[in-house]
Amino acid sequence: MNRRIRIILLAISLLLVIGTLGWLTHVLLVQAEETGHSEQRIRVEALAHEAKLEMDRLLTAFITFEQARGYFEYQPVYAYKRPYDLRMGAPAPEKQPVTPISPPTCRTTLQPSFRFPLPGA
């Protein structure tokens, strides 16, 4: 009888130890998974921050370039592949004739069909 109680106590102790070790293993695996997710989130946020900085750097250069353009570059002439391509370091385009855009003629032969009444008439 004494031996049987010892075996039962040993079995209960072993079950408690094995259960505790299983629970501890489970908790540690969950924490490791959460740590991995948080590290991945930190890496993604760092990459997004670097991308924002790079975009800001490129956009600032473009806006500064546009603000520095003179008024004479805004002429009523359609020049193919100019001025952006030549200024951005692209190869020079083939020589093509530049055709100015003619302003629309204001002379019309149509008479208005409705005339506003003059005050006092």
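By convention here, each chain's residues receive numbers from 1 onward along its written sequence. Where local features are concerned, this predicted model is filtered to residues with pLDDT of at least 70; where side-chain atom pairs are given and counted, the filter is 80 or more; whole-chain, interface and lining totals use all residues. By convention in this description, side-chain values take in all heavy atoms of the structure and omit both hydrogens and water.

Draft legend 1. Focus on the confidence of the model for the protein. The pLDDT averaged across the protein works out to 77; a share of 58% of its residues lies at or above 70. Each residue gets a pLDDT score, which is the predictor's confidence in that residue and runs from 0 to 100. In this text, helices come from DSSP runs of H or I with a minimum length of four residues, and strands from runs of E with a minimum of two, each type numbered from the N-terminal end. Highest mean pLDDT in the protein belongs to helix H1 (residues 2-67) (92); lowest belongs to helix H2 (residues 84-87) (53).

Draft legend 2. How the structure looks around a nonpolar patch on the surface. Patch definition: residues with relative accessible area over 30% and no salt bridge; like charges joined within 9 Å; nonpolar side chains (Val, Leu, Ile, Met, Phe, Trp, Tyr) joined within 5 Å. Surface accessibility in these figures is a Shrake-Rupley result with a 1.4 Å probe; residues are shielded only by whichever protein chains are displayed. Each reported salt bridge corresponds to a side-chain nitrogen of Lys or Arg within 4 Å of a carboxyl oxygen of Asp or Glu. There is a patch of nonpolar side chains on the surface, built from Val17, Leu21, Trp23, Leu24 and Leu28 and spanning about 520 Å² of accessible area. Among the structural elements, Val17 can be located in helix H1.

Draft legend 3. Quick look at the pattern of salt bridges. By the definition in use, this model includes 1 salt bridge. Salt-bridge contacts for Arg57 lead to Glu54; the nearest nitrogen and oxygen are separated by 2.5 Å. Remark: Glu54 and Arg57 occur in helix H1; sequence separation between them is 3 residues, near one turn of the helix. Take Glu54: its relative accessible area is 36%, and that puts it in the partly exposed class. Any residue under 20% of the maximum accessible area for its type is buried, any over 50% is exposed, and the rest in between are partly exposed; the area is computed with a 1.4 Å probe on protein chains only.

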